[in-house]
2 protein chains.
Amino acid sequence: MTRTRFHQNLDDLKEKLLVMAGMAEQAIQRAMEAYRVGDLSICDLVVRSEPAINRMERDIDQRALDLLAMEQPMAIDLRFILAVIKINADLERVGDQAVNIAERVRDMHNLPPVELPVDIPRLATMAATMVRHALQAFIDADPAMAEKVLLMDDEVDEMNRAVYGALARSIETMPQHSQSALNVLLIARNLERVGDHATNIAEDVIFWVRGADVRHHLHTAS
Amino acid sequence: MTRTRFHQNLDDLKEKLLVMAGMAEQAIQRAMEAYRVGDLSICDLVVRSEPAINRMERDIDQRALDLLAMEQPMAIDLRFILAVIKINADLERVGDQAVNIAERVRDMHNLPPVELPVDIPRLATMAATMVRHALQAFIDADPAMAEKVLLMDDEVDEMNRAVYGALARSIETMPQHSQSALNVLLIARNLERVGDHATNIAEDVIFWVRGADVRHHLHTAS
């Protein structure tokens, strides 16, 4: 395999990962749409999209492994392939979070409607923006953009603490709606985990481009 | 580097990963001990152990990367190094879950004590056993043992659903203790995530040894 052919393969791998990213992002968007309008058919759509995301994950891992095995990549190419493998796993888990949210929305469908004092769509927008920026950093090989994602994670954690406090108070004042409040609490946690995955992706981009391991320096993400 | 020297390096990498595993397992055990006896000094110990776990993760990743870069490993050695990189990330996140649990225990310390109808220590034992078996499968290169871990994950998920239902009912009947119930709910989720990480480790062992990608066949883990 010539050097050029190898780099064509790396480009194809990047392209595939971006398709995977699109699938994961769509799953989260749909889960939030299902939450917003309480639509069970959208929940089904999210749950049914999971096998395709899982297949895509396997396909990307196999290609990455083949590239690692076929020739001895240079340091930066090696780090790129490893970044793809790690980002791929995080995207699959973003898809899992979408499924978890869809299941919570299904659960809430049988409960009496209630207005809770938390802005879940705002939290969702924040988490989705983190994923988008992390992927943009990956597309542009832009560690400065990736660093912005790391800073956003603290904001999401802060919003989540506020959501938690507000829901705990709601449960005390409206115990008859505690099941709905618990579901919303778990959705907030799922969105926080989406933010964590975006943070992981951002760290992988920085490591790929800069080579130095910045993890846990600026920030300790889960 | 001779072939033998290379394999000595692989053995050293495995050894390091087992030290990392010991640190992560200890963090979970301590977090559960803090929960059981309500001891804030143990919570501090768990939180303070996180930087050491993070340093160890970086060290292992760097060694794995050096081994990938230095020579062209055979297929099974390549899969072993990739498994180490992935298992390493999962162990670091097990440590994060221990920190999350310790933070919940701190929160509960200021709340009035209450007996809730859920057996968190049992769930913790189950999750810790999954991690232990997944690591044993890694030590012995034993995919049959790893498959047992995948089956245990369904049991943990089932236990978690029961915990969720019991806590939702407690909140309705004892709204004055809803904050404690919420903390316990989040601890149960953290333990479920520990089980998920054990599942990931088990899948990485199977992939390393067998080469075929079994993920999402037996089971879809998050």
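The structure under discussion appears in the preceding block.
Residues numbered from 1 in each chain as written. Chains lettered and ligands numbered in written order. Predicted model: local features only at pLDDT ≥ 70, side-chain atom pairs only at ≥ 80, totals over all residues.

**Q** I would appreciate a short explanation of the interface of chain A and chain B in the present structure.
**A** Reports of interface size often rely on the accessible area that becomes lost once the parts have come together. With 28 residues of chain A in contact, the opposing surface of chain B contributes 28 residues. Mapped by element, the contributors of at least two residues to the side of chain A that touches chain B are α2 (40–70), α3 (75–109), α5 (143–173) and α6 (178–210) of chain A. It is α2 of chain A that provides the largest number of residues to the side of chain A that touches chain B, a total of seven residues. For the side of chain A that touches chain B, the residue count by class is eleven nonpolar, eight polar and nine charged. (Contact = placed C-beta atoms within 7 Å. Helix = DSSP H or I, 4+ residues; strand = E, 2+ residues; numbered from the N terminus. Nonpolar A, V, L, I, M, F, W, Y, C, P; charged D, E, K, R; others polar.)

**Q** Help me out: how do you make sense of the nonpolar core in this one?
**A** A general feature of soluble globular proteins is that nonpolar side chains tend to end up buried together. Ranked by internal contacts, the top residues of the largest apolar core, which has 147 residues, are Ala 134 and Val 205 of chain A together with Ala 134 and Val 205 of chain B. Residues contacting Val 205 of chain B, with those up to four places away along its chain left out, are Ala 83, Ala 134, Ala 137, Phe 138, Pro 143 and Ala 146 of chain B. (Core = buried A, V, L, I, M, F, W, Y, C linked by C-beta atoms within 7 Å. Buried ≥ 20, exposed ≤ 12 C-beta atoms within 10 Å, placed from the backbone.)

**Q** Would you take a moment to explain unusual backbone geometry for this structure?
**A** Outside of glycine, negative phi angles account for most residues, and trans bonds account for most peptide bonds. Positioned with a positive phi, Ala 141 of chain A is a non-glycine residue whose angle comes to about 50°. You can see Ala 141 of chain A is positioned in the loop between α4 (120–140) and α5.

**Q** Where do I start with the relation of the copies chain A and chain B in this structure?
**A** The two chain copies are related to each other by a rotation about an axis together with a translation along it. Note on the copies: chain A fits chain B at an RMSD of 0.0 Å, the axial shift is 0.0 Å, and the rotation between them is 180°. The symmetry that links the two subunits is that of a two-fold axis. The fraction of interface residues of chain A whose copies in chain B are also interface residues reaches 100%, indicating that both copies meet through the same surface. (Least-squares fit on C-alpha atoms with pLDDT ≥ 70 in both.)

**Q** Would you mind showing me how to read the packing of helix α5 (residues 143–173) of chain B against helix α6 (residues 178–210) of chain B here?
**A** In a packed pair of helices, the relevant descriptors are the angle between the two axes and the axis-to-axis distance. Residue and element names in this part refer to chain B. Following both chains from N to C, one finds α5 and α6 inclined at 165°, their axes separated by 9 Å at the closest point. Classed by the angle they form, the pair α5 and α6 counts as roughly antiparallel. For the crossing formed where α5 meets α6, the hand is left-handed. Classifying every residue of the contact of α5 with α6 gives 18 nonpolar, five polar and five charged. (Axes fitted to C-alpha atoms, helices over the stretch in contact; angles between N-to-C directions. Parallel < 35°, antiparallel > 145°, perpendicular 65-115°, else oblique. Left-handed = near helix turned anticlockwise from the far one by under 90°.)

**Q** Just checking my understanding: could you explain the environment of Val 184 of chain B for this structure?
**A** Residue and element names in this part refer to chain B. Within the element layout of this structure, Val 184 appears in helix α6. Measuring from C-alpha to C-alpha, the distance between Val 184 and Glu 33 comes to 14 Å, with 151 residues separating the pair along the chain. Filtering out sequence-adjacent residues up to four positions away, Val 184 remains in contact with Leu 116, Val 118, Ile 120 and Leu 167.

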